[in-house]
Amino acid sequence: MKPFLLILSLFVSHFSIAQTSVPFDSTKWTFAGEVTPVTFQGKAGIQLSGGQIVLKDSSFKNGIIEFDMTLSPERNFIGFSFRTQDKANFEYVYLRPHRVGNPDAIQYIPIYNNLDSWQFYYGDGYSTTVTYPLNEWVPIKLIVRDTQAEVYVGDLTKPALLIHQLKRTPQAGPICLINGSPVLTRFANFRYTKTDNPPMVGSFEPEAPAKPGTLLNWQVSNTFDEKLVQTDYTLPKALANSLTWSPLAAENSGILNVARIRKLQEGNNTVFVKLTLFSDKAQIKKLDLGFSDRVRVYVNGQLTYSGADEFLSRDYRFLGTVGYYDSLYLNLKKGQNELWFAVSENFGGWGIKAMIADQTGLTVKP
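Here the structure is a predicted model, which is why all the values come from computation and not from measurement.

K.L.:
Is there a simple way to think about the nonpolar core in this case?
P.N.:
Most often, soluble globular proteins keep nonpolar side chains buried together rather than apart. Ranked by internal contacts, the top residues of the largest apolar core, which has 51 residues, are Phe-67, Val-153, Leu-177, Phe-187 and Phe-190. Non-local contacts of Phe-190, meaning those with residues more than four positions away in its chain, are made with Thr-20, Ser-21, Val-22, Phe-24, Trp-29, Leu-55, Ile-65, Glu-66, Phe-67, Ile-175 and Leu-177. Membership of the second largest hydrophobic core comes to 32 residues, among which are Tyr-305, Leu-328, Leu-330 and Trp-350.

Below, the structure written as structure tokens:
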């Protein structure tokens, strides 16, 4: 390569990964909530409560986000979003300072239609144990590349959380710092770097294939009031006839995240999800099931199961996380069988996962 071209190449490479430091003022950010300039432990920044601040740059897709923050020990959920599409759709990482040292001290979740989903996405790749000092400045760093990300908390040499699979489609969007409660939180020293090839040190795991028998393809109805399915032991015909339907595929884990295509609203907190089982004979099949928050299962129009697994429903420690914790036995007739689930939601994750491990003699269609 000629010297001039080499110098130009190095210049372009350096320029493309240049770091941008952003002061906390209204020319660079949009403020929502209480934002107060503050100097703490010799570092100038802001105090944020009851809202968020949004960076006036919608072009961040891949790269590095860095800032310092202080956290108080009170129960709270403080963090930041990136690739924000609008107020209701973004990637979200937050800390639970009241859970320092516990397996859910930090959390990643995708936000669809303004609904949290931590009851679906927990454990490896989503939440983990992390320890950091309270009421002191803690450095935070996110490195994101396409569908993978690393989150550093305190120790900037080792990721606290590896996000193996970001759930939302990678699209550029603003960065937001978020503290929706009145608990004291400070931010300082914000900077970011836009690059499609940021350096990453984590050992990322590919998404595991779906387990045999996982029910992956569904039809999802429009939303309606849960009260409409609490009156009888059979499928309400008038309601069933009024529904409109959209296809939705489950993730390889089996999770069918209804919030991807439906918006939770007061008085419209329930959908039906359905599929059809064609059986070559009359038989009974075991179905393994997980759901959030409540479900009513109808087989050929007859209510056969009802369950509630919302937050704290079993005891004061129960989080309502979704796994194959329930089973039911489907009494199938020869030929076509309709399987409908009425799924109702409060918060934390709206949907189900279902599996028929033994599908001998069955054909499944959405």
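K.L.:
What should I look at first to understand the sheet that holds strand E23 (residues 351-355) in this one?
P.N.:
Whenever strands of a sheet pair, they do so through backbone hydrogen bonds, lying parallel or antiparallel. Across the sheet, four strands lie side by side as E16-E23-E18-E21; this open sheet has antiparallel pairing. Only two strands of the sheet have a single neighbouring strand rather than two, namely strand E16 (256-257) and strand E21 (326-332). As judged from the five bridges shared by strand E18 (residues 283-292) and E23, these two strands associate in the antiparallel manner. Across the sheet, Ser-292 pairs through a bridge with Gly-351, a residue of E23.

K.L.:
I would appreciate a short explanation of the side chain of Ser-181 in the present structure.
P.N.:
By the element assignment, Ser-181 lies in the loop between strand E12 (176-179) and strand E13 (185-194). A distance of 3.2 Å separates a polar atom in the side chain of Ser-181 from the backbone nitrogen of Val-183. Leave out the neighbours within four places in its chain, and Ser-181 touches Ser-49, Gly-50 and Asn-76.

K.L.:
For this particular structure, what's the right way to read the pattern of salt bridges?
P.N.:
Should their charged atoms come close, side chains of opposite charge can pair. This structure, assessed with the given rule, holds eleven salt bridges. A salt bridge links Asp-309 to Arg-314; its shortest N-O distance comes to 2.8 Å. Here Asp-309 falls in the buried class, since its relative accessible area comes to 4%. A relative accessible area of 47% places Arg-314 in the partly exposed class. Through salt bridges with shared partners, one network takes in Glu-226, Arg-294 and Glu-310.

K.L.:
I would appreciate a short explanation of the layout of surface pockets in the present structure.
P.N.:
Empty space among the atoms can be located by rolling a probe the size of a water molecule over them. What the largest pocket holds in volume is close to 770 Å³. Lining the largest pocket are 32 residues, and of these Phe-77, Tyr-94, Arg-96, Asp-116 and Trp-118 lie nearest its centre. Elements represented by at least two residues in the lining of the largest pocket include exactly strand E3 (43-55), strand E5 (78-86), strand E6 (89-95), strand E7 (106-111) and E12. Among the elements that line the lining of the largest pocket, the one with the most residues is E5, at four residues. Of the residues belonging to the lining of the largest pocket, the class tally is 15 nonpolar, ten polar and seven charged. By volume, the second largest pocket is sized at about 640 Å³.

K.L.:
Explain the packing of aromatic side chains here, please?
P.N.:
Each aromatic ring pair is specified by the distance between its two centres and by the angle formed by the two planes. Evaluated as defined, the whole model comprises 24 aromatic pairs. On the numbers, 6.1 Å between centres and 70° between planes, the contact of Phe-77 with Tyr-94 is edge-to-face. Note that Phe-77 is positioned in the loop between strand E4 (63-71) and E5 and Tyr-94 in strand E6, a separation of 17 residues in sequence. Ring pairs connect the aromatic residues Phe-24, Trp-29, Phe-60, Phe-67, Phe-80, Phe-82, Phe-187, Phe-190 and Tyr-192, which therefore count as one cluster.

K.L.:
How do you make sense of unusual backbone geometry when you look at a structure like this?
P.N.:
Note: most peptide bonds trans; most residues except glycine with negative phi. Of note, the amide linkage connecting Ser-292 to Asp-293 takes the cis form, showing an omega dihedral of 0°. Even without a glycine there, the phi angle at Arg-83 is positive, about 50°. Note on placement: Arg-83 falls in strand E5. A relative accessible area of 2% places Arg-83 in the buried class. For Asn-189, which is not glycine, the phi dihedral falls at a positive 55°. Among the secondary structure elements, Asn-189 is positioned in strand E13.

K.L.:
Any chance you could explain the environment of Phe-24 here in plain terms?
P.N.:
With respect to the secondary-structure elements, Phe-24 resides in the loop between strand E1 (19-21) and strand E2 (29-40). Overall, Phe-24 belongs to the buried group, its relative accessible area being 18%. Along the backbone, Phe-24 and Ser-59 are 35 residues apart, and their C-alpha atoms lie at a distance of 19 Å.

K.L.:
Sorry if this is basic, but what is going on with the pairing of strand E19 (residues 294-299) here?
P.N.:
Put simply, side chains in a regular strand alternate between the two faces of the sheet. In terms of residue burial, E19 counts as a mostly covered element, since six of its six residues are buried. Burial along E19 is two-sided: the face carrying Arg-294, Arg-296 and Tyr-298 and the face carrying Val-295, Val-297 and Val-299 are both buried. Where E19 lies against strand E20 (residues 302-308), six bridges are found, and the strand directions are antiparallel. Residue pairing in the sheet places Tyr-298 in a bridge with Leu-303 of E20. In this antiparallel pair of consecutive strands, E19 and E20, the connection spans two residues, and Asn-300 shows a positive phi of 50°.

K.L.:
Sorry, what's going on with the environment of Leu-319 here?
P.N.:
Within the secondary structure, Leu-319 sits in the loop between E20 and E21. Between the alpha carbons of Leu-319 and Gln-19 there is a distance of 40 Å; along the sequence they are 300 residues apart.

Thresholds applied
Residues numbered from 1 in each chain as written. Predicted model: local features only at pLDDT ≥ 70, side-chain atom pairs only at ≥ 80, totals over all residues. Heavy atoms only, no water. Core = buried A, V, L, I, M, F, W, Y, C linked by side-chain atoms within 4.5 Å. Buried < 20%, exposed > 50% of the residue type's maximum accessible area, 1.4 Å probe, protein only. Contact = heavy atoms within 4.5 Å. Pairing = 2+ DSSP bridges. Helix = DSSP H or I, 4+ residues; strand = E, 2+ residues; numbered from the N terminus. Polar contact = N/O pair within 3.5 Å; in protein donor to acceptor, adjacent residues only side chain to side chain. Salt bridge = Lys/Arg side-chain N within 4 Å of Asp/Glu carboxyl O. 1 Å grid on protein atoms, 1.4 Å probe; cavity = no way out; pocket = protein on both sides within 12 Å on 5 of 7 lines; lining within 4 Å. Points joined across faces, edges and corners; volume = space filled by probe spheres on them. Nonpolar A, V, L, I, M, F, W, Y, C, P; charged D, E, K, R; others polar. Phe/Tyr/Trp six-rings, centres within 6.5 Å; stacked < 30°, edge-to-face > 60°.

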